[in-house]
Amino acid sequence: MIPAAGSGTRLGAGTPKAFVELGGRTILERCVEGVGAAGLVDVVVVAVPEELVDHTAALLPDVRVVVGGAERSHSVRAALTEIGDADVVLVHDAARTLTPPAVFGRVVDAVRAGAPAVVPALPVADTLKRVDDGGRVISTVDRGPLRAVQTPQGFAVEALRAAYRGSTVATDDAGLAELAGYPVQVVAGDALAFKITTAFDLRLAELLLGAMTG
Ligand code: CTP
Ligand code: MG
């Protein structure tokens, strides 16, 4: 499932982020292509803004298209209605367009090995400080056990369905599985799975794409 219904406020391109062009094709097209390149996925469901449903269906004839919601979790919940009888489900941000196939492989392998919820993640490189409202440092956080979490996040279908039966107040899908009582397993993420959030990120993705495709 690819939630792609966000407006891209922080990118500020004037177009919903998934439909912004990156090297001549939309972020969403490149994301779907990346999912296909992993060779692990039978059905792709994309959630997009309502006004772009027909456009998306024409652009990507092999994917199922649903209307997304006001929050990312609403978009994922809408996509969940179209997954058919899948037993392993991946949820992947459209905005993590350059995610390498190996990341998909690690996530799926861990779910198939029995983990109900799996996230790719990276160690945190920067020093982290807790601050008060006035910008004064309260403490330095031990970053050793911290991880920055990416997508695709992988689930045994029953775990994701249970996660979405409860509250949807969490910033990622594994957070909801966690609230539903499931253990969440971390596998190695990849720097290329970064999320295109700001104009800087889009520029970085353009440069990386240029370097990768020669
Ligand atoms: N998303 C979605 N439905 C929403 C909000 C987000 O499907 N209501 C998707 C986005 O399209 C994106 C992914 O969730 O692929 C991660 O969200 P984010 O990077 O925050 O994208 P936007 O919400 O579009 O960006 P912003 O927060 O800057 O507006
Ligand atoms: Mg957002």
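Our subject is the structure that appears above.
This report concerns the structure included in the present document. (Residues numbered from 1 in each chain as written. Chains lettered and ligands numbered in written order. Predicted model: local features only at pLDDT ≥ 70, side-chain atom pairs only at ≥ 80, totals over all residues. Heavy atoms only, no water.)

Side note on helix α7 (residues 199–213)
Piece 1. Here α7 spans 21 Å end to end across 15 residues, near enough to the 21 Å set by a 1.5 Å rise per residue.
Piece 2. All buried positions along α7 are accounted for by D201, L202, A205 and L209. Down the axis of α7, the sector holding all buried residues measures 100°, keeping them to one side. Projecting away from the buried face of α7 at angles above 90 degrees are the exposed residues F200, L207 and A211.
Piece 3. Tucked into the core, α7 has its buried residues touching β2 (21–22) and α1 (27–38).
Piece 4. Of the residues one or two after α7, G214 is the one with positive phi, at around 75°. (Helix = DSSP H or I, 4+ residues; strand = E, 2+ residues; numbered from the N terminus. Expected span 1.5 Å × (residues − 1). Buried < 20%, exposed > 50% of the residue type's maximum accessible area, 1.4 Å probe, protein only. Arc of directions from axis to C-beta. Contact = heavy atoms within 4.5 Å.)

Observations concerning the packing of helix α3 (residues 72–80) against helix α5 (residues 157–165)
Piece 1. Orientation of α3 relative to α5, taken along the N-to-C sense of each, is 130°, at an axis distance of 11 Å. Put simply, α3 runs oblique to α5. As α3 packs across α5, the resulting crossing turns out to be left-handed. Contact residues: S73, V76, R77 and L80 in α3; L160, R161 and Y164 in α5.
Piece 2. Of the residues that constitute the contact of α3 with α5, the class distribution is four nonpolar, one polar and two charged. (Axes fitted to C-alpha atoms, helices over the stretch in contact; angles between N-to-C directions. Parallel < 35°, antiparallel > 145°, perpendicular 65-115°, else oblique. Left-handed = near helix turned anticlockwise from the far one by under 90°. Nonpolar A, V, L, I, M, F, W, Y, C, P; charged D, E, K, R; others polar.)

Comments concerning the pattern of salt bridges
Piece 1. One pass over the structure, following the stated rule, counts seven salt bridges.
Piece 2. For R72, the salt bridge identified is with D93, shortest N-O distance 2.9 Å. Placement of R72 in helix α3 and of D93 in the loop between β6 (88–91) and α4 (101–112) is noted, with a sequence separation of 21 residues between them.
Piece 3. When its relative accessible area of 10% is taken as the criterion, D93 is described as buried.
Piece 4. Between D132 and R136 there is a salt bridge, with its nearest N and O atoms 3.5 Å apart.
Piece 5. We classify D132 as partly exposed; its relative accessible area is 25%.
Piece 6. We classify R136 as exposed; its relative accessible area is 57%.
Piece 7. Sharing partners across several salt bridges, the network here consists of R72, D93, R96 and D173. (Salt bridge = Lys/Arg side-chain N within 4 Å of Asp/Glu carboxyl O.)

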